[in-house]
Amino acid sequence: MKITILKRKKELKYGAVIASLLSILFGITIYLVIIGLFGVNLVEAINILGKSFISPTIMKDFLIIYVMGCGLLLSFKASLWNIGGEGQFYIAMIPGIVITLLLFNPETSSTTVPAFIVVLLVIITGSVVGAVWAAVAGTLKAFMNIDEVPVTLILNYIAYYLVNHLVSGPLKGKKTYGYLRTDEIPGIYRLNIILPITRTGNQFEEAVYSFLTQVSYYIALLVTAIAISVFTWWLFKYTKLGLYIKIMGSNPEYLYATGVNTKMLTLLIMALSGSIIGLSGSLYLLVEWGRIPYGIQSHTPGYGYLAILASWLSMLDHRLLPVSAYLVAGLRNTGLSIKIAGLGDTEQTLIILGSVLLGYSITRFIADYEVKIR
Amino acid sequence: MIDFYGEALMRMSAAFATIYLVALGHSLFELSGVLDLSIDGVFFLSTGLAVLFSAQLHTSLTTLGVDPLICTTLASVLTGLVTALIGLFLAFILTVLPISHGAVGLSLMFLGYGLGIYAGYPVRLKYGSIAQFAYPENIVVYSLTLLVSLALGLTTYRMLYSTAIGAMIRACGEDPHAASALGVVVYRTRLIACGLGYFMVGVGGSIFTLLWLRYWDIRSYVLGYGWFAYTIALAAGRHPLILIPFAGVFGALLEFNISIQATYGLPVDLAGMIPFIAAIALMTLYGSTKLKRLFEPPRGLGKIYYKEERTI
Amino acid sequence: MNTGTLRRVVLSINNISKTFPGGITAIEEINLDLYEGEIVALLGENGSGKSTLVKILYGVYTPDSGEIKILTGDKLSRVNFGNPVDAMKHGIILVNQTPQLIDKLSVAENIAITLSTLRSRDHSGFTSISETSKLLKEVSESTGIRVDPNEKAYNLTYSQKQFIELLRAIIVNAKIFLLDEALSYLPIAEKKRFYDILYSLKNSGKTVLLITHKIQEAFDLSDRIVILRKGRIVGVLETKNTTVDEVRRLMFGETNNKYIINNNWSNPEEEHVIEVEDLAVRDDHGREVLSNITFCVGKGEIAGIIGVAGSGQRELVESIVGLRKPIRGKITLAGVDVVRKGIKAVREAGVGYIPDQPLKQGIACDNSIVENIAIMFSSNPILINWDIVKEKAVEIVKNYNVQSKSIDSPVKTLSGGNIMKVIIGKELSYAKQALIACNPTRALDELSANNLVSVLKYKAHAEKLSVLIASEDIDEVLTISDAVYVLNSGRLIGPFQPSKVPRERIEELMVA
Ligand SMILES: Nc1ncnc2c1ncn2[C@@H]1O[C@H](COP(=O)(O)OP(=O)(O)OP(=O)(O)O)[C@@H](O)[C@H]1O
Ligand SMILES: [Mg+2]
């Protein structure tokens, strides 16, 4: 008996959709088998799983993972493996804290700069710092041909430690009730729109309303996600840089022989990738965290790695990225809910992400390939 | 009597053996062209498994009169066998199926973290400290570990660079299509490399908890020691011999992180950065020399191996 | 079948078809028997399915339908190869159109892989590298082909790699040899030796299936000629009963003599577009492979540099276009000081470049034809005007007769010759001042090669393009060039006028 795997001669109708669904199902089966073995109540777990994927709380994770995924995809398409999303994300929060708490803090100094300028400044400096952090690896790659994978990876840990050091030292907060963390960013710089709580008694209405609450709370993320997605689409469809990125990914030597300065290009791509991640870091600070806690490595939701996964799961296709970002976000939510429901602990998030995505990434290929057994 | 220096040396050799074995196994794995992004997860999983196996074996076998040292050693070997199975699994699916090495690797990393907690946590809860299941703090044990890991390294080196099977493994890493045309059965070769490689990773992981730290904690998975070994392997060009000084230096750096910090009064977080910065500095250093070519990653690393594509 | 004078069938191909994803049918219902002790030439234009057929026989591709039978013991039995190892174990060996050596391994290691695979069958265990080196030395002596077993493959030129692959085929002692354009580029002396080797293989009962674009070679060597056209066999001829014209007609159909090379030699103008002065260049090893190279090419002139494989052509063209830093010397190309300004300025000045390693420096195989063309023909610094680029791509595909499903097909799905045509087409359209090319007609079928030669001559003589061609193919250089140089052991001899110097004299200079 011989198993042959052949690329489909004709594309499957709805192939991508069917294959994705089947793969997710397969992944979930693996997950259920694992937790079943450890004696977790499966019915309850399935219940939570279903709810988590339609719960409005998925919004934040989805948007952040999607935006970061776009940033990573840029570099991945050029075969520049920026594994440093985590580091770029957190290091980009530092200027946000400095600007809002030390430079333009309305509570301690009489600043006349309009709030939106300050916010803009936070976002821009965040993007720049993210770009610079990624450009360190980009420079080493471009000019000394040092593999960017370990460098970006190590820069994650250096960023963790650096942020921790700053948070426990120069940026240590004064009004933190004894916690080791920075102070809270002044309210006028926070980017959330908070809708008042209303109760109508109608379940459907309340569900819609809670969805709207999430949308408005994370409106800044939503707008950014839309902007970045348009930008990515435009970049790859119409621009020379987009084409350079693609060719860089398949044959940089050829690109160089046509007269393109591939060193500067490498640097540029890494910086661009880092800036998008830096942007999402500063937004996360302004929208969600509002301060930086000490001990980043144990507080991080791991967006840097989750976004890498999302962009790989999309097979580096920016049109499929929303799907995989949604999947990853849904699974993370499920893990958290299972923990809240008392069915397990931290390991739940890890296991559900790992097993479902493992199953998914193993079986997704059936969309484009057929398996023949002879 | 073991004096201060003796103890320091012992801990250093344990640190070396951990980093060396993990990096060595990882190198062998990746030389065959399979991208190993699950390394950190599998490393953590093997620490958890080692704790679990050791506790089980100690409680069941010592009553039968089996020497505790043998129980712990068995636990290390068992851990290696389990991770070797994972290696075989990865080699198989990533060679036979046209799927993304990166996505599978990272997913498995998360799964490894999760399962590692499942394995280790109950032991930790039940006994508090796992020191009772660890290797004895005995100079012979430490020296033996050192010798065995060096011997494994030398054997791996000999295999890679003076036998045809080694040439096959490297050929798969460079260009599986061409390798196949030359007469390599790619998946079979990768099974060997990845199985052996992950065996060493597993044993290294077990040494981490059972010999070096003699401690296990649920939070260890954020330490990134697996990634650290990954980096060391890369910095040393995945070369078994060049890895030796690298693993020595960085093992020592990690081990003495705490004492450096105490001696020079450095803040904890700055001290924590040192090994990582040193790793980048080192890569930069050799990157500016002629050694660079030797240290290039395998050209086919992480590329999907799909037979019906035009072989170029 | 009874014994005696009747030769036995060793390989029987029945109804084999193969369609690739995207719907390209590469070969269709192929039926062919190969006998022991014969040399069969397989001819066909670019993209006719030759490589696909031999790759199926070697277990690289799986056929969609049909069966392959092979002689084992006394009878033909059906085989189902899953990979090349299966094929090798049945005594089949393939020398690929593009060499398939592992660059980072030494020559000996590359060969050891094959040997070890075959030996593990008779349980003599793993082969050591040193043992293989010894064996290689012996074979290299008996065939007269010089090889250094410890040389890394990345230091070899394309043709040198092909020698190694040929040696490998001989060492493993196969029964059926599939040679995919493997002999075309051997230097004269080696080629003669290889002809002898092939004859002796044949006399000892082996079978050779030889793919070549040189029709003459087929006539020199083969007993039978098989012709493929658009994936089907259109003729199986006894070599001694047929003519070159008959073969051409079957290969190309009626388009046969559409292209006629016009040899209207015009005197080059005085102005020099390529000037090289006292150039010295190192190879990847750091050895000085070229020294004291001085020559110039005038506007509208075609200069050809001929030399055996590995005599420094690759390093020469790479340094002329600015991809390799010379040790010393001065290069001016289309008004650009190459050593100081580098490849970018050279390209911007309108210089086309066809590299020695076309798949490495000449094209991105994962990208589509149109994308490969777009990066060179988009003048706007930020946006790409796809309409213009697509028009250009269609034009190139049409003018150079590239056979592909569409301009959006990935280049890697094209046949070897068609990939070459895309490279040539885009570089020739791009070249406004000069074209620097290495072995430009390699992998092209006769018709396409003639087409290229006439386009080149037209561009040079009518549009005043300066052309420098470095080649290992003496016929190629002699037919194209206005001036010929010989490159031997790092030194340049010439110029000669091709019509004035006898071919034998040039052959002598190449190996002296
Ligand atoms: N992997 C592939 N995927 C899709 N199409 C392919 C693939 N390999 C070959 N083809 C197509 O099959 C046809 C035959 O290709 P093949 O390489 O066999 O031609 P060939 O006769 O060897 O030509 P050449 O003389 O140019 O080498 C071509 O049209 C080519 O585009
Ligand atoms: Mg061909």
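Just above sits the structure.
What this report covers is the structure whose coordinates are included nearby. (Residues numbered from 1 in each chain as written. Chains lettered and ligands numbered in written order. Predicted model: local features only at pLDDT ≥ 70, side-chain atom pairs only at ≥ 80, totals over all residues. Heavy atoms only, no water.)

A closer look at the coordination of the magnesium ion (ligand 2)
All names here are of chain C.
Logical step 1: For the magnesium ion (ligand 2), the full set of protein donor atoms is Ser-51 (OG) and Gln-97 (OE1), and the range of their distances to it is 1.9 to 2.1 Å. Here Ser-51 is found in helix 1 (residues 50–57), whereas its partner Gln-97 is found in the loop between strand 6 (92–95) and helix 3 (107–119), with 46 residues between them in sequence.
Logical step 2: Since its relative accessible area comes to 14%, Ser-51 is described here as buried. (Donors = N, O, S within 2.8 Å, 3.2 Å for Na, K, Ca; no water. Helix = DSSP H or I, 4+ residues; strand = E, 2+ residues; numbered from the N terminus. Buried < 20%, exposed > 50% of the residue type's maximum accessible area, 1.4 Å probe, protein only.)

So, the interface of chain C and chain B
Logical step 1: Contacts between chain C and chain B engage 43 residues on the former and 31 residues on the latter.
Logical step 2: Between chain C and chain B lies a buried interface of about 3,000 Å² when both sides are counted; carbon and sulfur atoms form 54% of it.
Logical step 3: If you look at where chain C meets chain B, you find two salt bridges.
Logical step 4: Of the charged contacts in the structure, one is a salt bridge between Glu174(B) and Lys104(C), with a shortest N-O distance of 3.0 Å.
Logical step 5: Where chain C meets chain B, there are seven residue pairs in polar contact (both at pLDDT 80 or more).
Logical step 6: Looking at the side of chain C that touches chain B, the elements with two or more residues in it are strand 1 (9–20), helix 2 (84–89), helix 3, helix 11 (358–362) and helix 14 (416–430) of chain C.
Logical step 7: No other element matches helix 3 of chain C, which puts seven residues into the side of chain C that touches chain B.
Logical step 8: Of the residues assigned to the side of chain C that touches chain B, the class counts are 19 nonpolar, 16 polar and eight charged. (Contact = heavy atoms within 4.5 Å. Buried area = accessible area lost by both parts, 1.4 Å probe. Salt bridge = Lys/Arg side-chain N within 4 Å of Asp/Glu carboxyl O. Polar contact = N/O pair within 3.5 Å; in protein donor to acceptor, adjacent residues only side chain to side chain. Nonpolar A, V, L, I, M, F, W, Y, C, P; charged D, E, K, R; others polar.)

A short note on the sheet that holds strand 12 (residues 288–298) of chain C
All names here are of chain C.
Logical step 1: Taking strand neighbours across the sheet as the criterion, the four strands line up as 12-11-14-15 in an open arrangement whose pairing is antiparallel. With partners counted over all chains shown, the strands left at the sheet margins are strand 12 and strand 15 (336–337), one partner each.
Logical step 2: Sheet topology places strand 11 (residues 272–282) next to strand 14 (residues 328–333); five bridges connect them, and they run antiparallel. When the bridges of strand 14 are listed, Val-276 appears paired with Ile-331. (Pairing = 2+ DSSP bridges.)

Brief notes about the interface of chain B and chain A
Often, the extent of an interface is quoted as the loss of accessible area on bringing the components together.
Logical step 1: With 51 residues of chain B at the contact, the number on the chain A side is 50 residues.
Logical step 2: For the chain B and chain A pair, buried surface summed over both sides reaches about 4,500 Å², with 78% attributable to carbon and sulfur atoms.
Logical step 3: Its largest share of buried area at the contact with chain A, chain B owes to Phe110(B), Tyr118(B) and Asp269(B), together 16% of the area lost on that side.
Logical step 4: At the junction of chain B and chain A, the tally comes to zero salt bridges.

Regarding the pattern of salt bridges
Logical step 1: In this structure the tally under the stated criterion is 45 salt bridges over all chains.
Logical step 2: With a shortest N-O distance of 3.8 Å, Lys392(C) and Glu395(C) are connected by a salt bridge. Placement of both Lys392(C) and Glu395(C) in helix 13 (residues 386–399) is noted, with a separation of three residues, approximately one turn of the helix.
Logical step 3: With relative accessibility at 22%, the residue Lys392(C) sits in the partly exposed group.
Logical step 4: Here Lys459(C) ties to Glu463(C) by a salt bridge, and the two come within 3.8 Å at their closest N and O atoms.
Logical step 5: For Lys459(C), a relative accessible area of 15% puts it in the buried group.
Logical step 6: Bridged by salt links that share partners, the residues Glu184(A), Arg190(A) and Arg291(A) form one connected network.

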